[in-house]
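Coordinate analysis (summary)
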Amino acid sequence: SNQEDEVVSEDAPSGDLAPLEKKTTVVIAEDGAASGAGFYIAEEKGYFDDYNIDIKFTTFANSDDMLPALAAGEVDIAGGVSTASFFNAIAQGIDVKIIADKGHYYDGNSYFSFVIREDLQEEIKDYSDLKGKRIAVSSRNAVDDYIFQRMLEHAGLTEDDVEFVLMSDFGNMLAAMGNKSIDAALQIEPLITQGESQNLHVRFGDATDFAPDAQIAMVLGSPSFIEEETDVSLRFMAAYLKGVRDYNDAFLYDEGLDEVIDIMTKHTALKDPGVWKKVGVTGLDPNGEMFVDDIKKQFEMYDANDAIRGDVDFDHAIDTSMTEKAIEVIGRYER
Amino acid sequence: MKEHERDSVIDPLQMEKQEWKKRQLQHRFKQLLTITSPIFIVLLWELLSRTGLIDARFFPPPTEIVGTFWAMGMSGELFHHVGISLYRIFAGFLLGVIPAIGIGLLMGLYSPIRHFLSPLIMALMPIPTLALLPIIIILFGVGEVSKVVTIAGSVFFPVVINTVAGVINIDRIYLDVAKNYGADSKNFFFKIALPGSLPVMLEGVQMGQAIALLTIVAAEMMGANSGIGYLIWTSYKAFLIKEMFVGLVLISFFGYLFSLMLRGLQTKLLPWR
Amino acid sequence: MKEHERDSVIDPLQMEKQEWKKRQLQHRFKQLLTITSPIFIVLLWELLSRTGLIDARFFPPPTEIVGTFWAMGMSGELFHHVGISLYRIFAGFLLGVIPAIGIGLLMGLYSPIRHFLSPLIMALMPIPTLALLPIIIILFGVGEVSKVVTIAGSVFFPVVINTVAGVINIDRIYLDVAKNYGADSKNFFFKIALPGSLPVMLEGVQMGQAIALLTIVAAEMMGANSGIGYLIWTSYKAFLIKEMFVGLVLISFFGYLFSLMLRGLQTKLLPWR
Amino acid sequence: MGTKIAIKDLTKVFYKKESRVTALEGISLDIADGEFVCLVGPSGCGKTTLLRILADLEKPSGGTFTIAKSKKERPLQSMVFQERGVIPWLTVEGNVSFGLKMRHLPEDVIKERTAYYLEKVGLDRFANLYPKELSGGMKQRVSIARAFANDPEILLMDEPFGALDEQNKFILQEELLNIWSETKKTVLFITHSIDEALLLSDRILLMSSQPGTIINEKHIDLPRPRNMEQVRADPSMAEYFVEIWNHLQDEVQRSRN
Amino acid sequence: MGTKIAIKDLTKVFYKKESRVTALEGISLDIADGEFVCLVGPSGCGKTTLLRILADLEKPSGGTFTIAKSKKERPLQSMVFQERGVIPWLTVEGNVSFGLKMRHLPEDVIKERTAYYLEKVGLDRFANLYPKELSGGMKQRVSIARAFANDPEILLMDEPFGALDEQNKFILQEELLNIWSETKKTVLFITHSIDEALLLSDRILLMSSQPGTIINEKHIDLPRPRNMEQVRADPSMAEYFVEIWNHLQDEVQRSRN
Ligand SMILES: Nc1ncnc2c1ncn2[C@@H]1O[C@H](COP(=O)(O)OP(=O)(O)OP(=O)(O)O)[C@@H](O)[C@H]1O
Ligand SMILES: Nc1ncnc2c1ncn2[C@@H]1O[C@H](COP(=O)(O)OP(=O)(O)OP(=O)(O)O)[C@@H](O)[C@H]1O
Ligand SMILES: [Mg+2]
Ligand SMILES: [Mg+2]
């Protein structure tokens, strides 16, 4: 049922939209990353419950593995990064949409950044010192690759100057650091912090040095969820954004931090609250806005690399209408 | 008195008794060895890890793993993972084994069916479950079904192949006996084909069990949020090496347990071997 | 004239000849069935995919997969992947099989060694390669070595277990013959233990080969940038379903090929069976 | 007594791609009701083939045979196979009752008849054992009990005692004769042992080597019950022995050249 | 001729957790050089055990035995096992030369002796076949050739023809006697067949059932070369047969009760 005009009422449990008449289950595919904070917080704080939405999390080892499930309608929402596979899926007629922010860089403490081996600290001082080194990146023709290319550009190097090592798993990068089979890696939190505490690697500069406005992860929606169940998806988005706002309040302004960290330890594999206070914060936009231009640049890079088969209408892949509507309901976050 | 003693020394029975005792002792010693080796390895590991000769970040001392194990057990988390994985393994195992036996018997008994299906089986068998995960998700979604199907699929092949081999290799003479004594096809199936192929079939089931365990990690890589495979996987992703080792030890333990159980079942089902 | 004809009809030899021809025909028919079934499946797939009864995005029509195959072949890309994977499979296979045979023979021949090692083997065997990848990377890095070791590790277990079983199950009487004719330990090893355990050992090698192929995808998930496993994996990740199917077909093809080759080797090595 | 088995002009050819073996040629033969007939011939002369044709396990290439039927529900024939014919996954009891169960007889009839024959061959104490726990002689007892329990029109025995040692063989021969004298079944029995044939049979049929034909027969009119000492002591039996022996030696020599 | 095998008071007990079997008790026995001795006794009386002790495959629990040595490099004994004793993964030639190879004799000696005995047992044409392609009789020929080729002080044979049919058995018995008469080896031969013992041996040793002791012996002075017809025709042999037969029946009965 498409209810175009949603009634906003202070009396509803959420303080805005009325709950759904029928309890509706929304399946979220996650990979256990910290960038899913918005989902976790909204779930734990009852924002979804307020709308009578029941959330089911399902974990994938890798965000790409979620795509077929998303396209087949097996999951409604997924957290993902921009990859060639995403656009390829669209080219194959799979109508997956990018709907909101789920991770970008935040000031000088990026959650997705380069690390180098501990014993190379003296040797590698600048990006250009990476010349001839073995650098692990977790995928080709994905945002990882894009960040890597941006870094090379920034360092004035070409791909032939370094040794690209594809390691599909971030955990493997720690292991490979341990036995010195790689020199540097594009690593992600909380493994960056953890590897530092175990003296495996050290942070090297910050990704914002060369890609300050990079869009790393996005909320993806299944076509049927966005286009057919608008009453559900609108409420879902509203609840998600409330979760994201709590996250921002906690990590940026230290409001309710302990509660949020509690939630994070519950939903991610990082169980040590102490470490959570140290990790590089994932930037999550409280209004759900993305660096669309950057996503487009990423897309163009994949296309230039011939990784995209078929024609893709880029603009069609991005659908921020649901986010915008939700903002209308809950208001903009300004702080 | 003295002569009696002398006698008993060269008495053949006494001599063999002594020999036997010596053999018993050797046997005990071997049993001891069997227990020693894991203990030895664990101690060595502990020592190397504590002294830093191996990297304790990657190979934490066994005592610490046991501690983590204990903590996870106390919190009840462990039982949850184990329970759900056992359910998946068990359901997937049954879902793989039962049709495999049925199809295997049919293939063994009717050569046109065998000729028709065997190239398909030979072609599908070498494809790793890991590579089939995408297709399984497409076909079966991300719920329990897809995990159970993943395991079932990997169990299916060794069982079907061994069942066919079991039927084909039944000694011809038993077929002749059945024919000579006028067995109808139902009796032929239940009295000859099924029991005759059972030993080889059960070898396949044993293999299938091993493979079910090997597959659980792959199956729980996608769309899972509990299970031993999930535990290993997410622990590793978060670089929680101790938790990962707990998962590995669990898999190893259940592998050992299941194969013992199946051996027991085998002797139960095959009293005539 | 007429009588002659009548005669030839009831001539036993003629009758059996006719019977034999009928059997030959049936045999041909079964061979035909063997070829039919893959063709049938492929045609069905094509049809369903073309008519949209199955989702062509996930199951592209076989003709299109063949087209992709051709294009990849022409560009030389395919040969590169195949070559590197074959090298890894081959090297890993050898690296797994050779020590497995050595250790298996030692375990089979010397019961203290057997008792010492078997619990370790039983404990390590159920652990899936996929779950061991981190440890393999820690120990062997991300280069070729770790891929080869991954395959070797998964090949090792079935071979070592079958080798031990092969040695233990050598009929006692051949050991007696060897002893009676004064075989020294070298001769005992090479004339009795090795050939006597060979049939069962080769069954293990056959299994190891199957597992090597199943493992290549896992092995090429880490730190690889070419190979069939890499092709499947990255194609899937890039949602290039046709390319992924090309990889799957390749694995299936080589699985079939290798098992045929090993069967050939088996009959070569075991002329006495 | 009437004719129980009538074989006319039976011929069997094995035809394969590159070989054609004439195993049997023009076998014509009548066996009376209740007769114990032994078939003796060199290895490979087609004895087993003949039995398998009578047992409906092989089709003749030419000729016909009939087995006279006395009762409607009685099976035509049962075969006693060599040692391996006992089914390893059935207990002694399961083996003995096998034929009866296949014919779906009432449970109590099966019970009773099985028990009767188990006792007859002295295996009642071993009813629940599996064949692996039995000696070769005991296995053959199971096989014999199974055939007799099935109560067929005729019994076909293919070297049932071939693999046993002499002493066991003799004990079983005696037991077989005992049961046989009770039931007076028609028996066609293959053996390589001339002594066995002399001890057991009413008539010995001698076969030539390939292609198998019946070239001679000897009526053994030694009174029953017989025992081995009698056979050994009787000069006419000694004569028969040497005759058959020489025949076999000749046939073996002939088939080797 | 001197004593070749001297056995004194040999006893063998099998001791296990719950059972102790006295297989042999107080066996004392001298066998002359070149003598052909057959050991006859009921099943389970310890014949194989005695042979295995002499073959150094089992240790005696009490008593001693010696085998006289004539040449330094000659092996003490070789055994002819039952059918399964031929090693399936060696060709006929490989099996026959097995003992020689184990003793690291020069290549040409091995070649020559192997060829000699292959020809002797008529297997020269089959030298490169594997045992699976051989009939039971041919396998036993391989086994005999292997033992003779090894040229041991004494030959031990454990029912080598037990599993063969009568005609094949006789052919092999003749061949064995031929080779034996050439080499005049001392042979200790186990058999269940009284006819076989009468045909082959200089002396027959009768054993009692468990615990195995030697309770009687018969010297067979039928002139050599012998054949089966002679054995059958000779009245004193018939007498021996019945005597041994009765002894065995008694022992079998005794061991059953
Ligand atoms: N299924 C078959 N296909 C081809 N040839 C066969 C088949 N069965 C038997 N023969 C051949 O028929 C001939 C007779 O075989 P059969 O088994 O009847 O001999 P037999 O007299 O029973 O010999 P034995 O005394 O060794 O048991 C042999 O030459 C054999 O090779
Ligand atoms: N390894 C063993 N352990 C226990 N008991 C044994 C062993 N070997 C033989 N026996 C027992 O010793 C006795 C003699 O056995 P042996 O094999 O020597 O008899 P045999 O005279 O050769 O019999 P057969 O004629 O059946 O071959 C039997 O009761 C047997 O059960
Ligand atoms: Mg036969
Ligand atoms: Mg014996």
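Anyway, here's the lowdown on the structure attached to this text. In this text the structure is predicted, and so the values were computed from the model without any measurement. (Residues numbered from 1 in each chain as written. Chains lettered and ligands numbered in written order. Predicted model: local features only at pLDDT ≥ 70, side-chain atom pairs only at ≥ 80, totals over all residues. Heavy atoms only, no water.)

Helix and strand content of chain D: nine helices and nine strands. The globule rule puts the C-alpha radius of gyration for 257 residues at 18 Å, and the 18 Å found for chain D is close to it. When its C-alpha atoms are laid out on the principal axes, chain D stretches across 55 × 45 × 40 Å. Sorting the 257 residues of chain D into buried and exposed places 58% on the buried side. (Helix = DSSP H or I, 4+ residues; strand = E, 2+ residues; numbered from the N terminus. Rg over C-alpha atoms; globule rule 2.2 N^0.38 Å. Buried < 20%, exposed > 50% of the residue type's maximum accessible area, 1.4 Å probe, protein only.)

Take the sheet that holds strand β4 (residues 62-67) of chain D next. Strand order in this open sheet of three strands is β2-β1-β4 (chain D), and the pairing throughout is antiparallel. Where the open sheet ends on each side, the last strands, each with one partner, are β2 (20-32) and β4 of chain D. Mean inter-strand twist for the sheet, computed between neighbouring axes without regard to direction, equals 15°. Sheet topology note: the strand β1 (residues 3-15) of chain D/β4 of chain D ladder contains five bridges and is antiparallel. Opposite Thr11 of chain D, over in β4 of chain D, you have Gly62 of chain D as the bridge partner. Here helix α2 (residues 12-50) of chain C sits on the sheet in contact with β1, β2 and β4 of chain D, set at roughly 60° to β1 of chain D. Where helix α1 (residues 47-54) of chain D meets the sheet, it contacts β1, β2 and β4 of chain D, and its direction lies at approximately 120° from that of β1 of chain D. (Pairing = 2+ DSSP bridges. Axes fitted to C-alpha atoms, helices over the stretch in contact; angles between N-to-C directions. Contact = heavy atoms within 4.5 Å.)

So, on to the relation of the copies chain C and chain B. When chain C is fitted onto chain B, the two copies agree to an RMSD of 0.1 Å after a turn of 180° and an axial shift of 0.0 Å. When the rotation and shift are considered jointly, the pair of chain copies conforms to a two-fold rotation axis. Interface overlap between copies: 100% of the residues of chain C at the interface are likewise at the interface in chain B, consistent with a symmetric, same-surface contact. (Least-squares fit on C-alpha atoms with pLDDT ≥ 70 in both.)

Of all eight pairs of chains sharing an interface, the pair with the highest contact count is chains B and C. Kept free of each other, chain A and chain D leave a smallest C-alpha distance of 49 Å between them. As for chain E relative to chain A, no contact occurs, and the smallest C-alpha gap between them is 48 Å.

This part is about the sheet that holds strand β8 (residues 203-207) of chain D. Residues and elements named next belong to chain D. What the six strands build is an open sheet, ordered β5-β6-β7-β3-β8-β9; its pairing is mixed. The two strands at the open ends of the sheet, each matched to only one other strand, are β5 (77-80) and β9 (214-219). Neighbour to neighbour, the strand axes of the sheet diverge by 20° on average, direction disregarded. Judged from the four bridges that link them, β5 and strand β6 (residues 154-158) form a sheet pairing that is parallel. For Met79, the partnering residue across the bridge sits in β6 and is Leu156. In this fold helix α5 (residues 136-149) packs onto β5 and β6, with an angle of close to 180° to the strand it touches most, β5.

This part is about the interface of chain C and chain B. Across the boundary between the two partners, chain C contributes 45 residues, which contact 45 residues of chain B. A combined buried area of about 4200 Å² lies between chain C and chain B, and 84% of that area is made up of carbon and sulfur atoms. Inspection of the region where chain C meets chain B yields zero salt bridges. Viewed at the interface, chain B and chain C are joined by eight residue pairs in polar contact (both at pLDDT 80 or more). Of all the secondary-structure elements, those providing two or more residues to the side of chain C that touches chain B are α2, α5 (111-124), α6 (129-140), α9 (185-219), α10 (228-237) and α11 (241-269) of chain C. Among the residues forming the side of chain C that touches chain B, the class breakdown is 37 nonpolar, seven polar and one charged. (Buried area = accessible area lost by both parts, 1.4 Å probe. Salt bridge = Lys/Arg side-chain N within 4 Å of Asp/Glu carboxyl O. Polar contact = N/O pair within 3.5 Å; in protein donor to acceptor, adjacent residues only side chain to side chain. Nonpolar A, V, L, I, M, F, W, Y, C, P; charged D, E, K, R; others polar.)

We now examine the side chain of Gln140 of chain D. Residues and elements named next belong to chain D. Relative to the helices and strands, Gln140 resides in helix α5. A polar atom in the side chain of Gln140 sits 3.4 Å from the backbone oxygen of Phe81. Excluding residues that lie within four positions of it along the chain, Gln140 makes contacts with Val80, Phe81, Gln82, Glu83, Pro160, Leu164 and Leu172.

Moving on, we come to the pairing of strand β9 (residues 214-219) of chain E. For a regular strand, the rule is simple: side chains alternate between the two faces of the sheet. Here five bridges tie strand β8 (residues 203-207) of chain E to β9 of chain E, and the two strands are oriented antiparallel to one another. When the sheet's bridge partners are listed, Leu206 of chain E is paired in β9 of chain E with Asn216 of chain E.

Right, let's get into a negative patch on the surface. Residue and element names in this part refer to chain A. A surface patch of negative charge is lined by Glu300, Asp303, Asp306 and Asp311. The topology assignment puts Asp311 in the loop between α12 (292-304) and α13 (314-317). Given a relative accessible area of 76%, Asp311 falls into the exposed group. (Patch = residues over 30% accessible without salt bridge, like charges linked within 9 Å, V, L, I, M, F, W, Y side chains within 5 Å. Areas by Shrake-Rupley, 256 points an atom, 1.4 Å probe, with all protein chains shown as cover. Lys, Arg positive; Asp, Glu negative; His and termini not counted. Charge placed at Lys NZ, Arg CZ, Asp CG, Glu CD.)

Residues and elements named next belong to chain A. Among the structural elements, Phe48 can be located in helix α2 (residues 47-50). The class for Phe48 is buried, based on a relative accessible area of 0%. Expressed as a C-alpha distance, the spacing of Phe48 and Gly243, which sit 195 residues apart in the sequence, is 9.5 Å. Residues in contact with Phe48, not counting those within four places in the same chain, are Phe39, Ala42, Glu43, Ile53, Ile55, Phe236, Ala239 and Tyr240.

Attention shifts here to unusual backbone geometry. Of note, the bond from Gln210 of chain D into Pro211 of chain D is cis; its omega dihedral lies within 30 degrees of zero at -10°. Along the chain, Pro211 of chain D falls in the loop between β8 and β9. Following Arg224 of chain D, the chain continues to Pro225 of chain D via a peptide bond in cis, the omega torsion being -10°. You can see Pro225 of chain D is positioned in the loop between β9 and α8 (228-233). Look at Asp254 of chain A: it is not a glycine, yet its phi comes out positive at around 60°. Along the chain, Asp254 of chain A falls in the loop between α9 (230-253) and α10 (257-267).

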